[in-house]
Amino acid sequence: MQLYYEDIKEGSNLLSKSWGPLTNMDMIRFGSAVDSYGEIHQDYDWCIQHGFDNVLLSGPFKQALLCSWLDEVVGDIGYIKKIEVSHRGINYVDETLQATGTFTKKYILDGNGFVECDIAITNNNGLVSCPGKATLLIPMKNMDSIDFDFEPPVTYQEFITKEISTEYTDTTNIYLTKEIIEMIGAMGESYTWPEPLDISAIRRFTQGVFETKSRYVDIEFAKNSSIGSLIAPPAYVIRPPYGFWDKGMLGESAIPVFTVPNTTVAVNGGNESEWYKVVKEGDTLTQQARIVDIYEKKGKIRSLIPVVSETIIVNQCNEVVALSKQINIRMP
Amino acid sequence: MVEQEQNYLTPEMLSQIGKEGEETIWPEPLDKSSLRRFIQATRDDNPLYHDEEYAKSTKYGSIIAPPFYFHRSFPSPLGVVENAEKEEMRHRGLVDTPGFAKQVNAGSEIEWFGQIRVGDTLTGKTVVSNIEQKEGKSGPMIIITSDRIIKNQDGKLIAIVTSKSLRRQAEGTSLF
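Residues numbered from 1 in each chain as written. Chains lettered and ligands numbered in written order. Predicted model: local features only at pLDDT ≥ 70, side-chain atom pairs only at ≥ 80, totals over all residues.

What follows concerns the interface of chain B and chain A. With 14 residues of chain B at the interface, the matching set in chain A holds 19 residues. Classifying every residue of the side of chain B that touches chain A gives four nonpolar, five polar and five charged. (Contact = placed C-beta atoms within 7 Å. Nonpolar A, V, L, I, M, F, W, Y, C, P; charged D, E, K, R; others polar.)

So this is what it looks like as structure tokens:
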């Protein structure tokens, strides 16, 4: 049943959703869909040898599950505009995850109804691992479709030429050395997806996140829609596939590779993504990332060094389809 | 006096010779991201399979799939998310051999008759051609021979795969 803007009450809850127990096969299927084959999300023996209890469910998988759930909440007409997810705990294979949320604020902007919500993933042991926020575009009762086409805050040209000033002041910090501070602003290489978005790529991703929304899986429905073709689920856009032989895995953000001194561990701290245009079957995406901040945060046990990067994703017409901010935390 | 081998081939088992499996079909026409995944997985850098310009200069005129590509799985189509892999299993457990549930692939012989191109949709259908018993080092085995006929969307024969499935004694059903 379609949810309408007029019917949403601030403070009310979103209809929750559960997945699981999630299996190793679920993780392999998602890894295959996004061309990500790291041992930590696939190889039980590797995980045990490295001190984990089981194979870890990946951050992008959990974020994609949240997107898939929110896509159900907004119904056939609505869209997800923005999502912010923090990774605060480990989830393993064999766990059951539940997504919950509360509508916190609603407002109309340029004739569109926006609703903000607090969201989270909680596992069967009560661990809240993915708290976050989302902004949803919910139709009003007089709307039978929404044209998802928004002005981005930057163009591709502005993104890659923007000056980011840095100043090296604390000469005693053992993590934030002069070389590391100078990495702020460093730009990764631009990367074009290896082929235009095709149906099997959409199928793999939708099967990987248990997504059945008509605009992603029903070719006839999509042909008859105002868009005229299948589109990619939003979460797929922020996870680039492998290139060909000369390119490696780029992950969420293709920033230059570097090591923060006196750190040995890197974990996914979270991601914030906002979408501006839909990605249609046949579109070819190009993306480029840069480091926008590196700082030290004192943790309870040890220092955390978040490396913050931003990625711009454009289509073949150089239109911005999404901006994504990734936090990668380096630790001693 | 030579001890006679026990015959495990029941009339029910033997009646399955000639049995036809359901026809399975690829969930979508072959597209480039499926092809890329396959050639990356098999470490096959032949430009005929991924370089449009090179492929144009060959007698094939466009990119073709590696010969073994037809062996890709037959996953569930777009929109089916529960047990997405189950569909590809459907043609395998065609013959039930109760008491011989431990099955392994004992090899196959393949003959090709045509190429697979981007845009093709292949179908596969399996026919059981023989069921026999043999004595192995670890005991009796049942060997199922089947022919899998692979065709493209125009009905053109692409390949015939003759496979042997070897079953060893174990409780349970060999169907899955």
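Across the sheet, which stays open at both edges, the five strands sit in the order E1-E3-E4-E5-E2 (chain B) with antiparallel pairing between neighbours. Each edge of the open sheet carries a strand with a single partner, namely strand E1 (24-25) and strand E2 (102-112) of chain B. (Pairing = 2+ DSSP bridges. Helix = DSSP H or I, 4+ residues; strand = E, 2+ residues; numbered from the N terminus.)

As a further point, take the nonpolar core. Residue and element names in this part refer to chain A. The biggest cluster of nonpolar side chains holds 65 residues, and the ones touching the most others in it are Leu66 and Leu136. The leading source of residues in this core is helix H3 (residues 59-73), at eight residues. Per-domain counts for this core show at least three residues from each of domain 1 (1-146) and domain 2 (148-197 + 232-332). Setting aside chain neighbours within four positions, we find Leu66 in contact with Ile83, Val85, Ala99, Ile119, Ile121 and Cys130. (Core = buried A, V, L, I, M, F, W, Y, C linked by C-beta atoms within 7 Å. Buried ≥ 20, exposed ≤ 12 C-beta atoms within 10 Å, placed from the backbone. Domains from an automatic or database assignment.)

As a further point, take the domain arrangement of chain A. Residue and element names in this part refer to chain A. For chain A, the assigned domains are domain 1 (1-146) and domain 2 (148-197 + 232-332). Of the residues lining the interface, 20 residues belong to domain 1; the matching set on domain 2 comes to 17 residues. At the level of elements, H3 and strand E2 (79-86) are the ones that each hand at least two residues to the side of domain 1 that touches domain 2. The greatest single-element share of the side of domain 1 that touches domain 2, amounting to eight residues, is contributed by E2. Residues belonging to the side of domain 1 that touches domain 2 are distributed by class as follows: nine nonpolar, six polar and five charged.

All names here are of chain B. Relative to strand E3 (residues 123-136), E1 runs antiparallel, the two sharing two bridges. When the bridges of E3 are listed, Ile25 appears paired with Thr123. Inspection of the sheet shows E3 paired to strand E4 (residues 139-151) by 13 bridges, in the antiparallel sense. Directly across from Lys125, in E4, lies its bridge partner Ile149. Between E3 and E4, which pair antiparallel and follow one another directly, the connecting turn spans two residues.

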